[in-house]
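Spelled out from the first residue to the last, the chains are:
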Amino acid sequence: MPNIKPVTDLRNYSEVLREVGSDAPVFLTKNGRGQYAILDIRDYEKLQAEITLVSELNKGRKSGEENGWLSSEDVRSHFRAKRNG
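Rules and cut-offs
Residues numbered from 1 in each chain as written. Predicted model: local features only at pLDDT ≥ 70, side-chain atom pairs only at ≥ 80, totals over all residues. Heavy atoms only, no water. Pairing = 2+ DSSP bridges. Helix = DSSP H or I, 4+ residues; strand = E, 2+ residues; numbered from the N terminus. Right-handed = clockwise from strand over helix to strand, strands pointing away. Core = buried A, V, L, I, M, F, W, Y, C linked by side-chain atoms within 4.5 Å. Buried < 20%, exposed > 50% of the residue type's maximum accessible area, 1.4 Å probe, protein only. Contact = heavy atoms within 4.5 Å. Salt bridge = Lys/Arg side-chain N within 4 Å of Asp/Glu carboxyl O. Polar contact = N/O pair within 3.5 Å; in protein donor to acceptor, adjacent residues only side chain to side chain.

Colleague: Sorry if this is basic, but what is going on with the pairing of strand E1 (residues 3-6) here?
Modeller: Along any regular strand the residues' side chains alternate between the sheet's two faces. In this sheet, strand E2 (residues 26-30) lies alongside E1 in parallel orientation, the contact comprising four bridges. Within the sheet, the bridge partner assigned to Asn-3 lies in E2 and is Val-26. Following the backbone out of E1, through helix H1 (residues 13-18) and into the adjacent parallel E2, one traces a crossover that is right-handed.

This is the structure in structure tokens:
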């Protein structure tokens with residue numbers, strides 16, 4: 001169950017921060033609407049890495065669609081050449 005609190009609870013920010021855990025963010029509302037999320041730094045870094053990965057995968061997909069796809073043998077040959085040369 002999500003941990004949702006009004007932003008005014010930040011007056012006692014130590015208590016709010018104690019409730020933040022790995023895979024357990026605290027969501028803050030302002031005027032009854034979601035406004036902020038406080039999350040563990042490891043969760044934040046994981047999220048950023050996932051966003052970067054998806055972005056790079058999308059770039060690769062777009063490149064393949066626009067410029068054509070490489071065969072698996074072409075990819076293997078490319079990396080063999082880099083390893084040997």
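Colleague: Can you walk me through the nonpolar core in this structure?
Modeller: In globular proteins that are soluble, nonpolar side chains generally tend to be buried together. The biggest cluster of nonpolar side chains holds five residues, and these are Val-16, Val-20, Val-26, Leu-28 and Ile-38. Those residues within four positions of Leu-28 in sequence are excluded, and the remaining contacts are Lys-5, Pro-6, Val-7, Leu-10, Arg-33, Gly-34, Gln-35, Tyr-36 and Ile-38.

Colleague: How should I be thinking about the pattern of salt bridges in this particular structure?
Modeller: Pairing of side chains with opposite charge becomes possible as their charged atoms draw close. Using the criterion set out here, one finds seven salt bridges in the structure. Here Arg-42 ties to Asp-40 by a salt bridge, and the two come within 3.2 Å at their closest N and O atoms. Judged by its relative accessible area of 55%, Arg-42 is exposed. One salt-bridge network, held together by shared partners, links Glu-73, Arg-76 and Arg-80.

Colleague: Help me understand unusual backbone geometry, please; the structure alone is not making it clear to me.
Modeller: Leaving glycine out, the prevailing phi sign among residues is negative, and the prevailing peptide bond configuration is trans. Despite not being glycine, Asp-23 shows a phi value in the positive range, around 60°. At Asn-31, a position not held by glycine, the phi torsion is positive, near 55°. Its location among the elements puts Asn-31 in the loop between E2 and strand E3 (33-38). The exposure class assigned to Asn-31 is exposed, which follows from its relative accessible area of 75%.

Colleague: Any chance you could explain the environment of Glu-56 here in plain terms?
Modeller: As for its position among the elements, Glu-56 is in helix H2 (residues 41-67). Among the polar contacts made by the side chain of Glu-56, one reaches the side chain of Lys-59 at a distance of 3.1 Å.

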